[in-house]
Amino acid sequence: MKRPLLLIILFLSALNVFSQSKIEIGEKHKIFSTVLKEERAYWVYLPPNYNDTIYAPESYPVVYFLDGDRHFHSITGVQDFLSKGPYASLPQMIYVGVLTTKNRSRDLTPTNVNTSQTNKHFNFPDSGGNENFMKFLSSELILKINKKYRTNGYKTLIGHSFGGLTVLNTLITTPKLFNAYVAIDPSVWWDDQHIIKKASKKLSYLNLKGIKLFLTQGYDKPIGNDTSEWHEKAIQAFKRALENNNASGLQWDYRFFKDEDHGTVSLPSEYYGLRYIYDGYQIEVKTIADNPELYVKAFEELSNKLGFEIKPAESKLDWLASYCLKTKKIDQAIQLLKLNQKYYPDSINTYIILGDLYVEISDLNKAKQEYQKALKINPKSQLVIKKIEQINN
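A.B. asks: Could you clarify how one ought to interpret the packing of aromatic side chains in this entry?
C.D. replies: Both the distance between ring centres and the angle between the ring planes are used here to describe each pair of aromatic rings. All told, the structure shown has 22 aromatic pairs when counted by the stated rule. For the pair Tyr50 and Tyr149, a centre-to-centre distance of 6.3 Å together with 75 degrees between the ring planes defines the contact as edge-to-face. Residue Tyr50 is located in the loop between strand 2 (38–45) and strand 3 (60–66), and its partner Tyr149 is located in the loop between helix 4 (130–148) and strand 7 (151–160); the two are separated by 99 residues in the primary sequence. For Tyr50, a relative accessible area of 10% puts it in the buried group. What makes Tyr149 buried here is its relative accessible area of 8%. Between the aromatic rings of Tyr64 and Phe178, the centroid separation amounts to 6.0 Å while the plane-to-plane angle is 70 degrees, which identifies the pairing as edge-to-face. Here Phe178 lies in the loop between helix 5 (162–173) and strand 8 (180–184) and Tyr64 lies in strand 3, a separation of 114 residues in the sequence. In textbook terms, an aromatic cluster arises when at least three aromatic residues are bridged by ring pairs, as seen for Trp43, Tyr45, Phe65, Phe72 and Tyr95. Here Arg150 stacks its cationic end above the ring of Tyr50, 4.1 Å away from the centre of that ring. Across the ring face of Tyr272, the terminal group of Arg255 is positioned such that the distance to the ring centre comes to 3.8 Å.

The following block contains the structure:
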């Protein structure tokens with residue numbers, strides 16, 4: 001009786017260990033800012049394949065978003081949902097949430113205003129520190145992220161409300177700091193529509209080619225002494241400024257969410273904003289399986305839109321090749337795996353996978369050639385050595 005009892009105890013212990021495993025979606029960090037003269041917190045989300053041991057180390061776009069603690073779960077959830085599976089509409093990306101402090105209005109407003117805002121008794125005496133805050137972002141935080149993580153240089157800035165005001169002020173003031181911008185129900189009423197006047201002047205001569213903006217608005221019905229009427233009209237005024245000044249080359253879109261208010265509009269805005277930026281990333285699998293060259297053209301078009309080279313993921317090309325193999329489209333599978341070698345010539349995996357395919361179709365000479373290419377990258381790979389030995393024997 002003792003042995004079965006021991007087995008039951010061991011089994012229950014194993015279940016207990018499993019039940020206590022954690023689901024982790026990010027890490028909390030702090031940095032002391034010499035610009036702001038204070039410690040700032042930020043949270044980081046890394047893509048699931050960041051520490052992958054099969055594929056070559058990949059570099060990633062980075063999304064910076066303001067009020068990071070408020071939006072961390074929603075925006076990383078959107079990323080996780082949209083970047084999975086064969087029909088992924090987003091690439092794998094790194095997310096950096098910059099947390100809010102008690103000086104939020106200081107950090108996120110471009111001018112100092114001591115008087116009541118919009119005649120509704122909104123006073124922000126510590127306002128006007130946005131330029132300094134963006135210096136912290138550009139000269140300290142972004143540099144730290146680039147140094148610590150594998151980033152590819154493509155950056156997006158997302159902000160809601162005052163954060164949206166910061167997004168638009170950055171776009172107009174230092175547009176090249178980021179490649180894409182998402183302004184969610186922004187507070188462009190600030191300081192007698194300061195940013196709208198600024199945009200109306202500067203959009204006529206700024207060169208914003210290759211930059212994308214997604215502007216959103218919730219349904220802000222005025223109630224009593226609420227400022228939403230001012231808020232709503234101001235966003236429409238900024239939209240008109242964009243419409244009347246299209247010489248800059250800015251790619252932009254606007255979306256009105258009539259079923260969302262100022263508090264709930266951020267979630268759908270994050271979803272549609274990210275999809276807008278990477279419009280064209282999602283590819284019809286069956287179409288690519290018939291003609292892999294369309295995949296190359298699709299990414300060339302996407303890169304041209306973004307003004308930045310975006311490559312298909314090595315793992316995605318592997319999956320497409322395996323799909324072709326299952327559907328008996330051998331030539332297309334080989335073509336896709338050769339594309340992988342073109343995009344990732346230093347990845348040992350690209351040669352092993354193609355070698356395995358040649359073994360599958362009994363073309364051992366070509367299989368051996370691919371394994372030998374892999375061996376040049378890593379002469380000590382026991383896996384490759386074993387595969388060559390199996391062919392020789």
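Still more ground to cover, so stick around.
A.B. asks: Is there a simple way to explain helix 2 (residues 68–82) in this structure?
C.D. replies: Side chains that are three or four residues apart share a direction in an α-helix, a result of its 3.6 residues per turn. The terminal C-alpha atoms of helix 2 lie 20 Å apart, and with 15 residues this matches the ideal 21 Å at 1.5 Å per residue to within 8%. All of the buried residues along helix 2 are Gly68, His71, Phe72, Ile75, Thr76, Val78, Gln79 and Leu82. Those residues of helix 2 that are buried are in contact with strand 2, strand 3, strand 4 (94–98), strand 7 and helix 8 (266–277).

Conventions and cut-offs
Residues numbered from 1 in each chain as written. Predicted model: local features only at pLDDT ≥ 70, side-chain atom pairs only at ≥ 80, totals over all residues. Heavy atoms only, no water. Phe/Tyr/Trp six-rings, centres within 6.5 Å; stacked < 30°, edge-to-face > 60°. Helix = DSSP H or I, 4+ residues; strand = E, 2+ residues; numbered from the N terminus. Buried < 20%, exposed > 50% of the residue type's maximum accessible area, 1.4 Å probe, protein only. Lys NZ or Arg CZ within 6 Å of the ring centre and 35° of its normal. Expected span 1.5 Å × (residues − 1). Contact = heavy atoms within 4.5 Å.

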